[in-house]
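Spelled out, the chains give:
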Amino acid sequence: QAQLVESGGGLVQAGGSLRLSCGASGSFFSINNMGWYRQSPGQQRELVARITSGGSTNYADSVKGRFTISRDNTKNTVDLQMNSLKPEDTAVYHCNVAYYQKITLGLGAAWGQGTQVTVSS
């Protein structure tokens, strides 16, 4: 199984920037998609950005042009650079990884514990 550790959340003023990082470790064959989701109080968890093993990306409309997702396949890490932050970006951000299990090559999924991002107006 894969275990994820996130870092980089915090408090920032509107217009500022933060960078989130997530590293995957554990026993798995390889990693497929990596992504970031977020959840605000009373809201459903939503996809923020996703990146495939080949580097293709997709973003939520609300973050296009402001956020950039990237990954390092040699280190099994995924980062989310967040610029021009807005108060509505305030949420707990969760890293998500889809990975191929050893031996069976079945697809598994892992979630990080979440990191709080707070944007003040």
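Predicted model, so just to flag it, every value in this text is computed and none were measured.

With that settled, consider the overall build of the chain. If you tally the helices and strands in the chain, you get zero helices and eleven strands. Secondary structure of the chain in N-to-C order comes out as β-β-β-β-β-β-β-β-β-β-β. A globule of 121 residues ought to have a C-alpha radius of gyration of about 14 Å, and the chain, at 14 Å, matches this closely. Taken along the three principal axes of its C-alpha coordinates, the chain extends 50 × 25 × 20 Å. Buried residues in the chain amount to 40% of all 121 residues. Long-range pairs, those at least 24 residues apart, make up 55% of the contacts in the chain with a sequence separation of at least 6.

We now examine the packing of aromatic side chains. Inspection of every chain in the model, using the stated rule, returns two aromatic pairs. Judged by centre distance (6.0 Å) and plane angle (50°), the ring pair of phenylalanine 28 and tyrosine 99 falls under tilted. Of this pair, phenylalanine 28 sits in the loop between strand S3 (18-26) and strand S4 (30-39) while tyrosine 99 sits in strand S9 (residues 91-100), and the two are 71 residues apart along the sequence. In this structure tyrosine 99 comes out as buried when scored by relative accessible area, which is 5%. Measuring from ring centre to ring centre gives 5.0 Å for tyrosine 37 and tryptophan 111, while their planes differ by 65°; the resulting arrangement is edge-to-face.

Let us look at the state of the cysteines. Counted by the stated rule, this structure contains one disulfide. Each sulfur of the disulfide joining cysteine 22 and cysteine 95 lies 2.2 Å from the other. Disulfide cysteine 22 to cysteine 95: torsion about the S-S bond roughly -85°, handedness left-handed. Taken together, the positions of cysteine 22 in strand S3 and cysteine 95 in strand S9 put the pair 73 residues apart, joining distant regions of the chain. Comparing cysteine 22 with cysteine 95, the two get one shared label, buried.

Scanning all chains against the criterion turns up five salt bridges. Residues aspartate 79 and arginine 19 are paired through a salt bridge, measuring 3.2 Å at the closest nitrogen-oxygen approach. With aspartate 79 in strand S8 (residues 77-82) and arginine 19 in strand S3, this pair connects stretches of sequence that are 60 residues apart. Taking the shortest distance from any N to any O, the salt bridge between arginine 38 and glutamate 46 comes out at 2.7 Å. If you follow the salt bridges from partner to partner, you end up with Arg38, Glu46, Arg66 and Asp89 in one network.

Trp36, Leu80, Met82 and Tyr93 are the most contacted members of the largest nonpolar core, which has 31 residues in total. Going through the elements one at a time, strand S1 (2-7), S3, S4, strand S5 (46-51), strand S7 (67-72), S8, S9 and strand S11 (115-120) are the ones with two or more residues in this core. Considering each element in turn, this core owes the most residues, five residues, to S9. Not counting chain neighbours up to four residues away, the residues in contact with leucine 80 comprise Leu18, Arg19, Leu20, Trp36, Val48, Ala49, Phe67, Thr68, Ile69 and Tyr93.

Thresholds applied
Residues numbered from 1 in each chain as written. Predicted model: local features only at pLDDT ≥ 70, side-chain atom pairs only at ≥ 80, totals over all residues. Heavy atoms only, no water. Helix = DSSP H or I, 4+ residues; strand = E, 2+ residues; numbered from the N terminus. Rg over C-alpha atoms; globule rule 2.2 N^0.38 Å. Buried < 20%, exposed > 50% of the residue type's maximum accessible area, 1.4 Å probe, protein only. Contact = heavy atoms within 4.5 Å. Phe/Tyr/Trp six-rings, centres within 6.5 Å; stacked < 30°, edge-to-face > 60°. Disulfide = S-S within 2.5 Å. Salt bridge = Lys/Arg side-chain N within 4 Å of Asp/Glu carboxyl O. Core = buried A, V, L, I, M, F, W, Y, C linked by side-chain atoms within 4.5 Å.

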